[in-house]
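Observations on chain architecture
Okay, here's what each chain looks like letter by letter:
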Amino acid sequence: MTTLRILHLSDTHLMDAGALHQGTVDTVAAYRFTLESFANAGPLDLVVLSGDMSDDGSPASYRTLRSLTGDFAARHGAVAIYAMGNHDQRTGFREVLGNGHPDSGSGSNNSGSNNSGALSGVELAAEAPIVGISHVAGYRIITVDSSVPGRTHGFVDGEQLAWLRAELATSYGHGTVVVIHHPPVEPVTALHHGIELMNADQLAEALAGTDTVVILSGHYHHHLSDVLAAGSSRIPVVVTSGIVNSNDVMAAPGHERAVAGSGGTLITIRASPGTSAERQGQVAFAGPLARVRTLPLRFVLPVSISPEVVFDLDGSEVERISQLISATGAERSQKG
């Protein structure tokens, strides 16, 4: 098989005991609504959740996520894979989802898994980054942990980068899909400046010359397609919408506005003819690795789940919040 069909979802921000996100949005109902809206997606190979799945880090929120996602994935013949986000907490995530991949040694098993692996050579302590590998339909799926405990911005530490280089030193099948919550491309909306991935250049260096066919991310709460320059390669970056809300990229200048939107991205990846054999066991291939076709879909949440406008922050409020959450000068200049 040369085709990989993915439903890419992100930023569910689920909470324990039916609590409302920011006191207004029923995140469990929003997630149910989104999954029901994708009922006619057809057969899938993967359901990917690219972070911020929980808002409070509670095991209960991850159990709800696992149950809803697992049922949907099973109905569509897919494997469910989860990546860490800045709102996620590693203890609760690991307790329920393991390393986010099937058969990772916890209660996170999903039926229909192909092959998976955990981070080798890195201690799996409660606060260690959570990463993993699965092999699905001839593709390698790698999740990277860009979360920084207690902070909002993203950063991939040196140990992860070294592990990533080692794993990608040998190509696999039709190529590799990398999942990372913080997109390695610059943000669009005001409040996300300062909380983006701080060392995207180092991630690009680790991916240069490898068989990476696409990068899947969330965090920005709106659809975005871009490319990451990684050496001579140009790797597609697909950012999917938030499920808890949608950031309005057409908000007034300086404003940060979120509306009652939800959604996700259907992605079809087709390997370029003949490239698999050419790449097998080496990573020097510099041509187009695959055709990546994206279908971003947005659904308006009903008022019973979310108010029409979740928030609309003016310039002064954006500045106040930015001072609290943005990466410091030291964090911006830190090396992996």
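Bear in mind that the values here come from a model prediction, so they are computed numbers and not experimental data. (Residues numbered from 1 in each chain as written. Predicted model: local features only at pLDDT ≥ 70, side-chain atom pairs only at ≥ 80, totals over all residues. Heavy atoms only, no water.)

Okay, the nonpolar core next. One finds L9 and Y31 to be the most contacted residues of the largest nonpolar core, which totals 32 residues. Listing elements by their share of this core, those giving two or more residues are strand 1 (3–9), helix 1 (27–37), strand 2 (46–49), helix 2 (59–75), strand 3 (79–82) and helix 3 (90–97). In terms of residue count, helix 2 provides more of this core than any other element does, 5 residues in total. Leave out the neighbours within four places in its chain, and L9 touches Y31, T34, L35, F38, V47, V48, L49, S50, T240, I243, G263 and G264. Listed in part, the 26 residues of the second largest apolar core include V131, L228, A230 and V239. (Core = buried A, V, L, I, M, F, W, Y, C linked by side-chain atoms within 4.5 Å. Buried < 20%, exposed > 50% of the residue type's maximum accessible area, 1.4 Å probe, protein only. Helix = DSSP H or I, 4+ residues; strand = E, 2+ residues; numbered from the N terminus. Contact = heavy atoms within 4.5 Å.)

What follows concerns a nonpolar patch on the surface. Together, V188, V249 and M250 line one region of the surface with nonpolar side chains, adding up to about 300 Å² of accessible area. Considering the arrangement of structural elements, one finds V188 in the loop between strand 7 (176–180) and helix 5 (200–207). The partly exposed category is assigned to V188, whose relative accessible area is 45%. (Patch = residues over 30% accessible without salt bridge, like charges linked within 9 Å, V, L, I, M, F, W, Y side chains within 5 Å. Areas by Shrake-Rupley, 256 points an atom, 1.4 Å probe, with all protein chains shown as cover. Salt bridge = Lys/Arg side-chain N within 4 Å of Asp/Glu carboxyl O.)

Our focus in this paragraph is helix 7 (residues 315–325). Among all positions of helix 7, only V318, I321, S322 and I325 are buried. Buried residues of helix 7 fall within an arc of 105° about the axis and therefore sit on the same side. Facing away from the buried side of helix 7 by over 90 degrees, the exposed positions are S316, Q323 and L324. Where helix 7 is buried, its residues meet strand 12 (256–259) and strand 15 (309–313). (Arc of directions from axis to C-beta.)

Looking now at the packing of helix 4 (residues 158–168) against helix 5. Axis separation between helix 4 and helix 5 bottoms out at 9 Å; the angle between their running directions is 20°. Between helix 4 and helix 5, the angle is such that the two are roughly parallel. The chirality of how helix 4 crosses helix 5 is right-handed. Where helix 4 approaches helix 5, its residues L161, L164, R165 and L168 are matched on the opposing element by Q202, L203, A206 and L207. Looking at the contact of helix 4 with helix 5 residue by residue, the classes come out as 6 nonpolar, 1 polar and 1 charged. (Axes fitted to C-alpha atoms, helices over the stretch in contact; angles between N-to-C directions. Parallel < 35°, antiparallel > 145°, perpendicular 65-115°, else oblique. Left-handed = near helix turned anticlockwise from the far one by under 90°. Nonpolar A, V, L, I, M, F, W, Y, C, P; charged D, E, K, R; others polar.)

Before going further, it helps to examine the confidence of the model for the chain. In this model, the chain carries a mean pLDDT of 90, and residues with pLDDT of at least 70 account for 88%. Scored below 50 in pLDDT, residues 107–125 shows 47 contacts in the model against residues more than four places distant or in partner chains. Predicted confidence is poor over residues 276–287, with pLDDT under 50, and the contacts of this stretch with residues over four places away or in other chains come to 24 contacts. (pLDDT = per-residue confidence, 0-100.)

Following the sequence through the fold, D16 ends up in the loop between strand 1 and helix 1. Here the alpha-carbon distance between D16 and Y62, two residues 46 residues apart in the chain, equals 8.9 Å. Those residues in contact with D16 that lie beyond four places of it in its chain are D56, S58, A60 and S61.

As summarised here, the arrangement of the 3 strands in space is 11-12-15, forming an open sheet in which the pairing is antiparallel. The outermost strands of the open sheet, each flanked by one partner alone, are strand 11 (246–247) and strand 15. As defined by bridge partners, strand 11 adjoins strand 12 across 2 bridges and the pair is classed as antiparallel. Across the sheet, N247 pairs through a bridge with A258, a residue of strand 12. (Pairing = 2+ DSSP bridges.)

When its volume is computed, the largest pocket comes out at roughly 670 Å³. Lining the largest pocket we find 31 residues, and of these H13, D52, N86, H87 and T152 sit closest to its centre. Among the secondary structure elements, those contributing two or more residues to the lining of the largest pocket are helix 3, strand 15 and helix 7. Partitioning the lining of the largest pocket into residue classes produces 8 nonpolar, 15 polar and 8 charged. (1 Å grid on protein atoms, 1.4 Å probe; cavity = no way out; pocket = protein on both sides within 12 Å on 5 of 7 lines; lining within 4 Å. Points joined across faces, edges and corners; volume = space filled by probe spheres on them.)

Turning to unusual backbone geometry, a few remarks are in order. Comment: phi is negative for the bulk of residues other than glycine, and the bulk of peptide bonds are trans. Even without a glycine there, the phi angle at H13 is positive, about 50°. Tracing the chain through its elements places H13 in the loop between strand 1 and helix 1.

Once that is clear, we can look at the packing of aromatic side chains. One pass over the full model with this rule turns up 2 aromatic pairs. Centre to centre, the rings of Y62 and F93 are 5.8 Å apart; their planes meet at 70°, and the pair counts as edge-to-face. Taken together, the residues Y62 in helix 2 and F93 in helix 3 connect sequence positions 31 residues apart. Comparing Y62 with F93, the two get one shared label, buried. (Phe/Tyr/Trp six-rings, centres within 6.5 Å; stacked < 30°, edge-to-face > 60°.)

With that settled, consider the side chain of N199. Mapping N199 onto the fold places it in the loop between strand 7 and helix 5. With residues near it in sequence (within four places) discarded, N199 still touches F155, V156, L161 and G336.

A few words now on the sheet that holds strand 3. What the 5 strands build is an open sheet, ordered 3-2-1-13-14; its pairing is mixed. On the outer flanks of this sheet lie strand 3 and strand 14 (290–300), each paired with one strand and no other. Across this sheet, the average inter-strand angle for adjacent strands is 20°, counted without regard to direction. Along the sheet, helix 2 makes contact with strand 1, strand 2 and strand 3, crossing strand 3 at roughly 145°.

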